[in-house]
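Here's the letter readout for the chains.
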Amino acid sequence: MVDLDQIIKELITRNTQGQQPITLLAVCPNSEAVLEAAVKAAARNQSIMLFAATLNQVDFEASYTGWTQADFVRQMQAYAHQYHWNGPLYPCLDHGGPWLKDLHTLAKLTYPETMQKVKNSIAACIQAGYKLLHIDPTVDRSYPHGQSLPLELVVQRTVELIAHAEHIRSENRVPKIAYEVGTEEVHGGLVDLDRFEGFIRLLQAELNVHNLDHCWPTLFVAQIGTDLHTTNFKPEAARRLYSILAPLGSLAKGHYTDWVENPADYPASGMGAANVGPEFTAEEFMALCELEEQERVIIKKSGVRPSNFMATLQRVVIESGRWKKWLLPGEEESPFHELSVARKDWLLKTGSRYIWTNGEVTSARSTLYGNFRDTKVDPHSFVVEKITLAIEKYIKAFNLQNSITTLGE
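Residues numbered from 1 in each chain as written. Predicted model: local features only at pLDDT ≥ 70, side-chain atom pairs only at ≥ 80, totals over all residues. Heavy atoms only, no water.

## So, the overall build of the chain
Broken down by element type, the chain carries 15 helices and eight strands. Relative to its length of 409 residues, the chain is compact, with a C-alpha radius of gyration of 21 Å against a globular reference of 22 Å. Going through the 409 residues of the chain one by one, you find that 57% of them count as buried. Considering only intrachain contacts with a sequence separation of at least 6, the fraction spanning at least 24 residues in the chain is 74%. In the form shown here, the chain has an accessible surface area of approximately 17300 Å², with 51% of it arising from carbon and sulfur atoms. Seen as two clouds, the 39 positive and the 49 negative side-chain charges of the chain have centres 4 Å apart. (Helix = DSSP H or I, 4+ residues; strand = E, 2+ residues; numbered from the N terminus. Rg over C-alpha atoms; globule rule 2.2 N^0.38 Å. Buried < 20%, exposed > 50% of the residue type's maximum accessible area, 1.4 Å probe, protein only. Contact = heavy atoms within 4.5 Å. Areas by Shrake-Rupley, 256 points an atom, 1.4 Å probe, with all protein chains shown as cover. Lys, Arg positive; Asp, Glu negative; His and termini not counted. Charge placed at Lys NZ, Arg CZ, Asp CG, Glu CD.)

Written out as structure tokens, the structure is:
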């Protein structure tokens, strides 16, 4: 398998030579159905595929998918076998840094405690075979809300985590891995172009001091116009980032690419990669809604016991409290039932990824699927195919079809 550093350099060469530009897609594996759909889409389109797993999603300690890093990689490989796919699949860590796992914040861990937890998680990632690590120490809960950390401190902590990762990699005799740094979040303080360039200069110097020049990041994350509630990617911002990063052998990576209005502008403006996650959860949610609509017809005809799947899902999402993480300013004190219909719908769709593995939800889903046993519909395949089609929208927009022959050899 070609390492990601080499692939990014090939993307830069293609841009320089005027060849068709390509942006890599990183799917956030927030459920088994999404992971399966991503592997299926990669196989069907002969496409390179990245998987950007947060520590909330996948970790050796308490993840909402239930997967450890090793479990996740094994499941990815199992789906590759199922779809007869031996092309490149790259498991990656997304947002590896202090307090970026929700449980660390809820437990009010101190900086040394959360940093040690992150280091342990990074070790688990490397031992499981991850190919890229997003090092993101841009959050410090001891600072006032909205205040950015000094760049010097961000760089110091970034290099500390990279040095730790390299120690683990060497200790386990693992081949070279790639690094991603930076953040799209305002609290990260890297949204201003001058500050972004300052971060690069400081990072170059600090890596040199620690003899880690060989760990120069493959990808840099910065603000390109999108966030969780905006969908308009700004090509002009991406082109400025490209002009800064390409001469250094790196490219920009976009986060919050979900539902973006102009995905074809990503490769055209030199973006190296982009993450998509909540959109695929919403596709899973909507596919299950469709199945429950079809189930009503089955119930009328055969009298089977209704699954009550969506009612169960809604109740468990609300009871989990995870939806509160995504409340907008002015909504913080509102109970769920007082929110607008549109906001409740959005919060249910995005919040469902946290509770797919809940026992009540899996039981109701099993009943829903079972009610199709005497029909021509395979409910699991129906859901996976809906998600696959959503993933393929990005594969096509990013010019990733047949990319294993273009980049993966």
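## Details of the environment of Val 34
On the secondary structure map, Val 34 appears in helix H2 (residues 32-45). Placed 344 residues apart in sequence, Val 34 and Asp 378 show a C-alpha to C-alpha distance of 17 Å. For Val 34, the residues in contact, after removing those within four places along its chain, are Val 27, Cys 28, Pro 29, Phe 280, Glu 284, Ile 387 and Ile 391.

## Observations regarding the pairing of strand E7 (residues 251-254)
Pairing of strand E6 (residues 219-221) with E7 involves three bridges; the strand directions are parallel. Its bridge partner lying in E7, Val 221 is registered against Lys 253. The sheet contact formed by E7 and strand E8 (residues 273-276) spans two bridges and is parallel. Counted as the bridge partner of Lys 253 is Ala 273 from E8. (Pairing = 2+ DSSP bridges.)

## A look at the packing of helix H3 (residues 69-82) against helix H5 (residues 111-128)
Two measures define how a pair of helices packs: the angle their axes make with one another and the distance between the axes. Taken N-terminus to C-terminus, the directions of H3 and H5 make an angle of 30°; their axes are 8 Å apart at the nearest point. One finds that H3 runs roughly parallel with respect to H5. Judged by the twist between their axes, the crossing of H3 over H5 is right-handed. For the pair H3 and H5, contact is made by Gln 69, Ala 70 and Val 73 and by Ser 121, Ala 124, Cys 125 and Ala 128, respectively. When the residues that make up the contact of H3 with H5 are grouped by side-chain class, the tally is five nonpolar, two polar and no charged. (Axes fitted to C-alpha atoms, helices over the stretch in contact; angles between N-to-C directions. Parallel < 35°, antiparallel > 145°, perpendicular 65-115°, else oblique. Left-handed = near helix turned anticlockwise from the far one by under 90°. Nonpolar A, V, L, I, M, F, W, Y, C, P; charged D, E, K, R; others polar.)

## Some details on the sheet that holds E8
Reading around the circumference, E1-E2-E3-E4-E5-E6-E7-E8 is the order of the eight strands in this closed barrel, with parallel pairing throughout. Geometrically, the sheet is characterised by an average inter-axis angle of 25° between neighbouring strands, direction not taken into account. Where strand E1 (residues 24-27) meets E8, four bridges bridge the pair, whose relative direction is parallel. The residue of E8 that forms the bridge with Leu 24 is Ala 273. On the sheet, helix H7 (residues 193-209) packs against strand E5 (178-182) and E6 and is oriented at approximately 140° with respect to E6.

## Regarding the pattern of salt bridges
Proximity of charged atoms lets side chains of opposite charge pair with each other. The final tally for this structure, using the stated rule, is 22 salt bridges. For Glu 166, the salt bridge identified is with Arg 169, shortest N-O distance 2.8 Å. You can see Glu 166 and its partner Arg 169 sitting in helix H6 (residues 151-171), three residues apart, about one turn around the helix. The pair Glu 166 / Arg 169 is uniform in exposure class, with both members buried. Across the pair Lys 349 and Asp 345 runs a salt bridge whose closest N-O atoms are separated by 3.2 Å. In this pair, Lys 349 and Asp 345 both sit in helix H12 (residues 341-351), four residues apart, roughly one turn of the helix. Among the residues examined, Asp 345 registers a relative accessible area of 34% and is labelled partly exposed. (Salt bridge = Lys/Arg side-chain N within 4 Å of Asp/Glu carboxyl O.)

## Brief notes about the confidence of the model for the chain
Considering every residue of the chain, the mean pLDDT works out to 94; 97% of them sit at 70 or more. Confidence drops under a pLDDT of 50 for residues 186-190, and excluding neighbours within four residues, the segment shows 18 contacts in the predicted structure. (pLDDT = per-residue confidence, 0-100.)

## Examining the environment of Thr 357
With respect to the element layout, Thr 357 can be found in the loop between H12 and helix H13 (359-370). Along the backbone, Thr 357 and Gly 66 are 291 residues apart, and their C-alpha atoms lie at a distance of 7.3 Å. Sequence-distant contacts of Thr 357, that is, excluding residues within four places in its chain, are made with Tyr 64, Thr 65 and Thr 362.

## Looking at H3
In this model H3 runs 20 Å from its N-terminal to its C-terminal C-alpha over 14 residues, within 8% of the 20 Å that 1.5 Å per residue would give. When H3 is considered as a whole, its buried residues turn out to be Gln 69, Phe 72, Val 73, Met 76, Tyr 79 and Ala 80. Along the axis of H3, the buried residues cluster in a sector spanning 125°; they form a single face. Exposed side of H3, more than 90 degrees from the buried face: Arg 74 and His 81 are the residues found there. Where H3 is buried, its residues touch H2, strand E2 (49-53), strand E3 (89-96) and H5. Immediately downstream of H3, the backbone of His 84 shows phi near 55°, a positive value. (Expected span 1.5 Å × (residues − 1). Arc of directions from axis to C-beta.)

## Here's the deal with the packing of helix H10 (residues 278-302) against H13
Viewed as axis vectors pointing N to C, H10 and H13 meet at an angle of 50°, and their least axial separation amounts to 10 Å. By the angle class used here, H10 and H13 are oblique. Seen from above, H10 lies across H13 with left-handed handedness. Of the residues in H13, those touching H10 at Glu 284, Leu 288, Leu 291, Glu 292 and Glu 295 are Arg 365, Leu 368 and Tyr 369. Its residues placed into classes, the contact of H10 with H13 shows four nonpolar, no polar and four charged.

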